[in-house]
Amino acid sequence: MRNQWPALSLVAVVASGLLTGCGSENTGDTSDGSTVVVGMSDDVLATDPASGYDPGSWLLFNNVFQSLLSFPKGATEPQPEAAENCRFTDTQARVYECTLRDGLKFSNGNPLTSKDVKFSFDRMLKIDDDAGPAVMFGTLDKVEAPDDKTVVFRLNAPDATFPSKIASGAGSIVDHREYDAAGLRKDGEAVGSGPYKLESFGDDEAVFSVNEHYKGTADPKNGGVTLRFFHGDREGLKKAVLGGDVDVAYRGLTAQDIDDIAKSSDGTGVEVVEGSSAEVQHLVFNMDHPVAGKLGVRKAVAHLLDRDALIEDVYRGTASPLYSIVPAGIAGHNTAFFDTYGARPPRPRPPRHCGRRASPAR
């Protein structure tokens, strides 16, 4: 999913939990064109979309680069972004064709054509970085650019989820004149066609300005964004938002922090905003463990988990139970786990007594 600055342009995320942000009232919608300061505890590990499969990096990708499709606020299906339209052209979901919008440009003024789209996917697959998104595209056989506005993806197997994949940060389009076809960019700079332009990137913050060449569905309502990194310091992020040092705390607050801020928001000028998200938290097992590796043990744990209690007591109501590997709102989601295990452990039955019942004394 492509998720852009909350309340700043689009919040393009899809449901299965709650994306919660805290900030002063009306943050992001600055009619005077001032810069908004966003804080998060995550680091941005990459500025090159051929690498980076982490939430911080994808936040940067989703605002600096465009993809052919995106998930607009509240949408559960990908919608055109850099593309004018996209569709499967066969009945087997193996040929996917997109037509680009007219007049697309990168932030440096260079035109964006189907050549750049093909280059971006070919480059990402060729580099195949261990920390990159190439692993998502096992069904992609080749990309064709028959003319400047048409892109054709040929798949080696049917893949109904392909539109959702290219709507994510993995589908970021780069300028073929600015990137090496066989290697990652190492200078910390980025050139894309998204709603924002990366002005500078450092250890503690990244600075973005509005991209005047952008043509898409987002509508930035500010003069730029400064993204501050708290490097895992959640308490520091909480203090910064309460103290007014950041306008929006986007990621990294604990459920307890969010609950505390919500309870003390009266009179502080801080507002907690909740929205849907596709972020998922997993409890995973070591399959090589002599106990946890047994299917019966894992099924027993699944039966014993009280998901409602976890949501209420641990996550303080900031999440929702997930009963499928695929998040709610994404193609392929179902409630298989709920159907099998339910929301909470079954109540124990009262013990049964065996033997002949004694006759009452006469």
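Check the entry above for the structure.
Small disclaimer: the values here were computed from a predicted structure and weren't measured. (Residues numbered from 1 in each chain as written. Predicted model: local features only at pLDDT ≥ 70, side-chain atom pairs only at ≥ 80, totals over all residues. Heavy atoms only, no water.)

Some remarks on the overall build of the protein
Within the protein, the secondary structure is distributed over 8 helices and 13 strands. Looking at the protein residue by residue over its 362 residues, the buried ones come to 46%. (Helix = DSSP H or I, 4+ residues; strand = E, 2+ residues; numbered from the N terminus. Buried < 20%, exposed > 50% of the residue type's maximum accessible area, 1.4 Å probe, protein only.)

Some points on the packing of aromatic side chains
Under the defined criterion, the tally for this structure stands at 10 aromatic pairs. Judged by centre distance (5.1 Å) and plane angle (75°), the rings of Phe 121 and Phe 153 are edge-to-face. Of this pair, Phe 121 sits in helix α2 (residues 114-127) while Phe 153 sits in strand β8 (residues 150-155), and the two are 32 residues apart along the sequence. Among the residues examined, Phe 121 registers a relative accessible area of 1% and is labelled buried. (Phe/Tyr/Trp six-rings, centres within 6.5 Å; stacked < 30°, edge-to-face > 60°.)

Here's the deal with empty space enclosed by the protein
Any space left empty among the atoms is revealed by the rolling of a water-sized probe across them. This structure, assessed with the given rule, holds 2 cavities of 30 Å³ or more. Each pocket or cavity is described by its volume, and for the largest cavity that value is around 80 Å³. Lining the largest cavity are Pro 49, Ala 50, Ser 120, Phe 121, Arg 123, Met 124, Ala 170, Gly 171, Ser 172 and Val 174. Of the residues contributing to the lining of the largest cavity, the split by class is 6 nonpolar, 3 polar and 1 charged. (1 Å grid on protein atoms, 1.4 Å probe; cavity = no way out; pocket = protein on both sides within 12 Å on 5 of 7 lines; lining within 4 Å. Points joined across faces, edges and corners; volume = space filled by probe spheres on them. Nonpolar A, V, L, I, M, F, W, Y, C, P; charged D, E, K, R; others polar.)

Quick word on the side chain of Ser 114
By the element assignment, Ser 114 lies in helix α2. Take Ser 114: its relative accessible area is 1%, and that puts it in the buried class. Here Asp 147 takes part through its backbone oxygen, which lies 2.4 Å from a polar atom of the side chain of Ser 114. (Polar contact = N/O pair within 3.5 Å; in protein donor to acceptor, adjacent residues only side chain to side chain.)

Here's the deal with unusual backbone geometry
The phi dihedral of Asp 128 falls on the positive side, at around 45°, and the residue is not glycine. Among the structural elements, Asp 128 can be located in the loop between α2 and β7 (140-147). Residue Asp 128 is classed as partly exposed on the basis of its relative accessible area, which comes to 47%.

A closer look at the pairing of strand β9 (residues 196-201)
Inspection of the sheet shows β9 paired to strand β10 (residues 205-210) by 5 bridges, in the antiparallel sense. Bridge pairing in β10 links Tyr 196 to Val 210. Between β9 and β10, which pair antiparallel in sequence order, lie 3 residues. (Pairing = 2+ DSSP bridges.)

Quick word on a nonpolar patch on the surface
Among the surface-exposed residues, Leu 283, Phe 285 and Met 287 lie close enough to one another that they form a single nonpolar patch of about 300 Å² accessible area. Looking at where Leu 283 falls in the secondary structure, it is placed in the loop between β13 (270-277) and α6 (295-304). (Patch = residues over 30% accessible without salt bridge, like charges linked within 9 Å, V, L, I, M, F, W, Y side chains within 5 Å. Areas by Shrake-Rupley, 256 points an atom, 1.4 Å probe, with all protein chains shown as cover. Salt bridge = Lys/Arg side-chain N within 4 Å of Asp/Glu carboxyl O.)

Here's the deal with the environment of Ala 46
Turning to its location among the elements, Ala 46 is positioned in the loop between β2 (35-40) and α1 (55-64). Residue classification places Ala 46 among the buried positions, given a relative accessible area of 9%. Put simply, Ala 46 and Gly 132 are 86 residues apart on the chain and 9.3 Å apart in space, counted from C-alpha to C-alpha. Among all residues touching Ala 46, those that are not within four sequence positions of it are Ser 51, Gly 52, Ser 57 and Phe 61. (Contact = heavy atoms within 4.5 Å.)

Brief notes about the nonpolar core
The biggest cluster of nonpolar side chains holds 56 residues, and the ones touching the most others in it are Leu 68, Val 117, Phe 121, Phe 137, Phe 153 and Phe 208. Discounting chain neighbours no more than four positions away, the residues touching Phe 137 are Phe 121, Met 124, Leu 125, Phe 162, Lys 165, Ile 166 and Ala 170. Among the nonpolar cores identified, the runner-up in size contains 11 residues, and Phe 230, Val 241, Ala 249 and Ile 261 belong to it. (Core = buried A, V, L, I, M, F, W, Y, C linked by side-chain atoms within 4.5 Å.)

With respect to the pattern of salt bridges
Scanning the model with the defined rule gives 18 salt bridges in all. Between Asp 308 and Arg 344 there is a salt bridge whose closest N-O contact spans 2.8 Å. You can see Asp 308 sitting in helix α7 (residues 307-314) and its partner Arg 344 sitting in the segment after α8 (336-341), a full 36 residues away along the chain. One salt-bridge network, held together by shared partners, links Glu 178, Arg 185, Asp 187 and Glu 189.

Considering the state of the cysteines
Considering all chains together, one arrives at 1 disulfide under this definition. The side chain of Cys 86 participates in a disulfide bridge whose partner is Cys 98; the two sulfur atoms lie 2.1 Å from each other. Its torsion about the S-S bond being 115°, the disulfide of Cys 86 and Cys 98 is classed as right-handed. One end of the pair, Cys 86, is in strand β5 (residues 83-88); the other, Cys 98, is in strand β6 (residues 95-100), and 12 residues separate them in sequence. Exposure remark for Cys 86: the relative accessible area of 19% places this residue in the buried category. Given the relative accessible area of 0%, Cys 98 is considered buried. (Disulfide = S-S within 2.5 Å.)

Remarks on the pairing of β10
Where β10 and strand β11 (residues 224-229) come together, 5 bridges link them in antiparallel fashion. Along β11, the bridge assignment pairs Ala 206 with Leu 227.

Focus on the environment of Gln 92
By secondary structure assignment, the location of Gln 92 is in the loop between β5 and β6. Taking the relative accessible area as the measure of exposure, Gln 92 reaches 49% and is therefore partly exposed. Taking C-alpha positions, Gln 92 is 9.2 Å from Ala 160, a pair spaced 68 residues apart along the chain.

Shape descriptors only; they carry no functional weight alone.
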